[in-house]
Amino acid sequence: MIIPEIYIGISVVVLAIIAILVIFTMKKKKQKQPSKLSTLGITLVVLGIIFGVSDRLIGYSFIGTGVLLSVIDIIKNLKNK
């Protein structure tokens, strides 16, 4: 039986690999860098996943706040276009 901490460790490693791949492909394609608000939102979601094991209230609060910030950033970017 695999413990939940192993799942969290695997998901964090996979997320780091995806982030590294995105960074390298963004440099080649000269795409727009993510905004500070979306970066903060993603960071809060990751923190929510990490801290969600020990205390679900804190984990869900981080995830909810991160999603809310990402949605606000999307709406802000749509209005600017």
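The paragraphs below set out a description of the structure included in this document.

What counts as what
- Residues numbered from 1 in each chain as written.
- Predicted model: local features only at pLDDT ≥ 70, side-chain atom pairs only at ≥ 80, totals over all residues.
- Heavy atoms only, no water.
- Helix = DSSP H or I, 4+ residues; strand = E, 2+ residues; numbered from the N terminus.
- Buried < 20%, exposed > 50% of the residue type's maximum accessible area, 1.4 Å probe, protein only.
- Areas by Shrake-Rupley, 256 points an atom, 1.4 Å probe, with all protein chains shown as cover.
- Polar contact = N/O pair within 3.5 Å; in protein donor to acceptor, adjacent residues only side chain to side chain.
- Contact = heavy atoms within 4.5 Å.
- Expected span 1.5 Å × (residues − 1).

A look at the overall build of the chain
A count of helical and extended segments in the chain gives three helices and zero strands. Ordering the α and β elements of the chain from the N terminus gives α-α-α. Every one of the 81 residues in the chain was classed for burial, and the buried ones make up 14%. Carbon together with sulfur atoms contributes 75% to the accessible area of the chain, which is approximately 6600 Å² in total.

Considerations on the environment of Ser 35
Counting through the fold element by element, Ser 35 comes out in the loop between helix H1 (4-29) and helix H2 (36-51). When the C-alpha atoms of Ser 35 and Asp 73 are compared, they prove to be 7.9 Å apart, with 38 residues separating the residues in sequence. At 2.9 Å, the side chain of Ser 35 forms a polar contact with the side chain of Asp 73.

A closer look at the environment of Phe 51
When you line up the elements, Phe 51 lands in helix H2. Each C-alpha atom of the pair Phe 51 and Phe 62 lies 8.6 Å from the other, and the pair is eleven residues apart in sequence. Once residues lying within four places of it in the same chain are set aside, the contact partners of Phe 51 are Ile 58, Gly 59 and Phe 62.

Topic: helix H3 (residues 56-80)
Compared with an ideal rise of 1.5 Å per residue, which puts 25 residues at 36 Å, H3 spans 36 Å between its outermost C-alpha atoms and is within 8% of the ideal. Looking at H3, one finds that the buried residues are Gly 59, Gly 66, Leu 69 and Asp 73. At its buried positions, H3 is contacted by H2.

None of the figures reported here should be taken as evidence of function without further support.
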